[in-house]
Amino acid sequence: MKQFQYTAIWVLISFLIFSCTPGDEVNIYSSRHYDTDMELYENFTEETGIEVNLIEGGSDELIERINSEGINSPADILITVDAGRLWRAKQAGVLQAYESDQLNSVIPEELRDADGEWIGLSRRVRGLIYHKDRVDVSELEGYWELADEKWEGRLCVRSSNNIYNQSLVASLIETHGIEDTEEWARGLVSNFAQTPQGGDTDQIRAVAAGVCDIALANHYYLARLVNSSNQADRDVADQVAIYFPGEEYGGAHVNISGAGITRNSPNRENAIRFLEYLATEDAQQLYSVANNEFPILDGMELPGVLDEFGTFESDAVNVTSYGANNPDAIRLMDRAGWR
Ligand code: FE
């Protein structure tokens, strides 16, 4: 009898130890796909012995998947772009707080979730990309002034169903309120050179092609053209320059790519270690540069093209507001006739 009791206790203890010890792995669901990311994961494995398993997909698809996998989800980390989407993931209940003093100390407060459910990992700035011959940089002010009459028929902006513009409008709602931002949007729409079409790169191409004089686009799309192996792309880039609104005009609109730990993460400790690793200078060098984005850490050396773009003054709007104001932004853009 005693022998049986010992055996039963031993089985129970082994079961508890086995079921509570995480495997040496971390499972990442990512909507990012750059060749250098692989190097990033390999470096992490080398440093920690933790294997990285990767599942790629679209942002909304991954959020949906984590949700439907529920408590059995193998996902530890969700990586995606735009604070608006990270906010959506939080609202969908697929994330949990990360609890890391290191992350809180190195990542600026306005670039992470107030409840610690996600963090920014790189910065992307929505710039005014203008034709060097048809616009003098001294004429440029802020996003707000793009609604002025002087830009009538001179702007290229993509459609309102794109999250980048939704987040820009959401940040303007944060600083100017809904009513004034709606009036601004009407002015902006009346300055469009054409019905919104295509992505950010298409807006830049349209400036070079003479369709318009200024495009709103994330900085890394221009960086890609500058670095392109295709001469035609570099010819486009040669004709334009990028301008980031300075502090006197409210500053530049900064968005992030970022990540959060999933609600039912089976390897939570490893997940926190991985996020902490991504926020180190070495990892940032690979992570942000992969997409010509600005690192999340201040004072890092920038690769050639980013250095040429120059520094920017952030509008200091907390990126959490991009999600919170997103429904208002979408409705407002619709009312203003921004298609
Ligand atoms: Fe993009």
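Residues numbered from 1 in each chain as written. Predicted model: local features only at pLDDT ≥ 70, side-chain atom pairs only at ≥ 80, totals over all residues. Heavy atoms only, no water.

> Looking at this structure, I do not really get the confidence of the model for the chain. What am I missing?
It should be kept in mind that the predicted coordinates are not to be read in detail where pLDDT is low. For the chain, the mean per-residue pLDDT works out to 93, and 93% of the residues sit at or above 70. Scored below 50 in pLDDT, residues 9-21 makes 0 contacts in the model with residues more than four places away or belonging to other chains. (pLDDT = per-residue confidence, 0-100. Contact = heavy atoms within 4.5 Å.)

> So what exactly am I meant to see when it comes to the packing of helix 8 (residues 200-208) against helix 9 (residues 219-226) here?
The packing of two helices is summarised by the inter-axis angle and the distance between the axes. At their nearest, the axes of helix 8 and helix 9 sit 9 Å apart, and the two run at 65° to each other. The two elements helix 8 and helix 9 cross, and the hand of that crossing is right-handed. Taking contact as the criterion, the partners of D200, T201, I204 and R205 in helix 8 are, on helix 9, Y221, L222 and L225. Here the residues of the contact of helix 8 with helix 9 sort into 4 nonpolar, 1 polar and 2 charged. (Axes fitted to C-alpha atoms, helices over the stretch in contact; angles between N-to-C directions. Helix = DSSP H or I, 4+ residues; strand = E, 2+ residues; numbered from the N terminus. Left-handed = near helix turned anticlockwise from the far one by under 90°. Nonpolar A, V, L, I, M, F, W, Y, C, P; charged D, E, K, R; others polar.)

> Looking at this model, I keep getting lost on the nonpolar core. Mind explaining?
Soluble globular proteins tend to bury their nonpolar side chains together. If you look at the biggest cluster of nonpolar residues, it comprises 104 residues, and the most contacted ones within it are I77, I79, I204, I214, F274 and W338. Here this core gets 7 residues from one element, more than from any other, and that element is helix 6 (residues 163-176). Taken domain by domain, this core gets at least three of its residues from each of domain 1 (2-123 + 254-299) and domain 2 (125-253 + 314-335). Contacts of W338, omitting those with residues within four sequence positions, involve V157, R158, S159, S160, N165, V169, W184, L188, V189, F192, P196 and M333. (Core = buried A, V, L, I, M, F, W, Y, C linked by side-chain atoms within 4.5 Å. Buried < 20%, exposed > 50% of the residue type's maximum accessible area, 1.4 Å probe, protein only. Domains from an automatic or database assignment.)

> Please clarify how helix 2 (residues 35-48) should be interpreted in this entry.
Two residues of an α-helix separated by three or four positions point the same way, owing to the 3.6 residues in each turn. Among the residues of helix 2, D37, L40, Y41, F44 and T45 are the ones counted as buried. The arc that holds the buried residues of helix 2, viewed along the axis, is 135°, so those residues lie on one side. Facing away from the buried surface of helix 2 by more than 90 degrees, the exposed residues are D35, E42, E46 and E47. Along its buried surface, helix 2 packs onto strand 1 (25-30), strand 2 (51-56), strand 3 (77-81), helix 11 (268-278) and helix 12 (281-289). The positive-phi residue at the C-terminal boundary of helix 2 is G49, with phi of around 80°. (Arc of directions from axis to C-beta.)

> Quick question: what am I supposed to make of the state of the cysteines here?
Where two cysteines share a covalent bond between their sulfur atoms, that bond is called a disulfide. Overall, the coordinates contain 1 disulfide when judged by the stated rule. Each sulfur in the disulfide pair C156 and C212 lies 2.0 Å from the other. Between C156 and C212, the S-S dihedral sits near -110°, and the bridge is therefore left-handed. Of the two residues, C156 is situated in strand 6 (residues 155-156) and C212 in the loop between helix 8 and strand 7 (214-218); the sequence distance between them amounts to 56 residues. The pair C156 / C212 is uniform in exposure class, with both members buried. (Disulfide = S-S within 2.5 Å.)

> Would you mind going over the domain arrangement of the chain with me for this structure?
A common way to report how large an interface is uses the accessible area buried once the components associate. What the domain assignment reports for the chain is domain 1 (2-123 + 254-299) and domain 2 (125-253 + 314-335). Between the C-alpha centres of domain 1 and domain 2 there is a distance of 32 Å. Residue-level contacts link 22 residues of domain 1 with 21 residues of domain 2. Buried surface at the junction of domain 1 and domain 2, summed over both partners, amounts to about 1,700 Å²; 58% is from carbon and sulfur atoms. One can count 0 salt bridges joining domain 1 with domain 2. Where domain 1 meets domain 2, there are 6 residue pairs in polar contact (both at pLDDT 80 or more). Mapped onto the side of domain 1 that touches domain 2, the elements with two or more residues apiece are helix 4 (83-91) and strand 9 (253-262). (Buried area = accessible area lost by both parts, 1.4 Å probe. Salt bridge = Lys/Arg side-chain N within 4 Å of Asp/Glu carboxyl O. Polar contact = N/O pair within 3.5 Å; in protein donor to acceptor, adjacent residues only side chain to side chain.)

> I tried to follow the environment of A241 on my own but got confused; where do I start?
If you trace the backbone, A241 turns up in strand 8 (residues 240-243). On the basis of relative accessible area, A241 is assigned to the buried category, the value being 17%. Along the primary structure A241 and V137 are separated by 104 residues, whereas in three dimensions their C-alpha atoms are 8.9 Å apart. Beyond its immediate stretch of four places on either side in the chain, A241 contacts L128, I129, Y130, K132 and L222.

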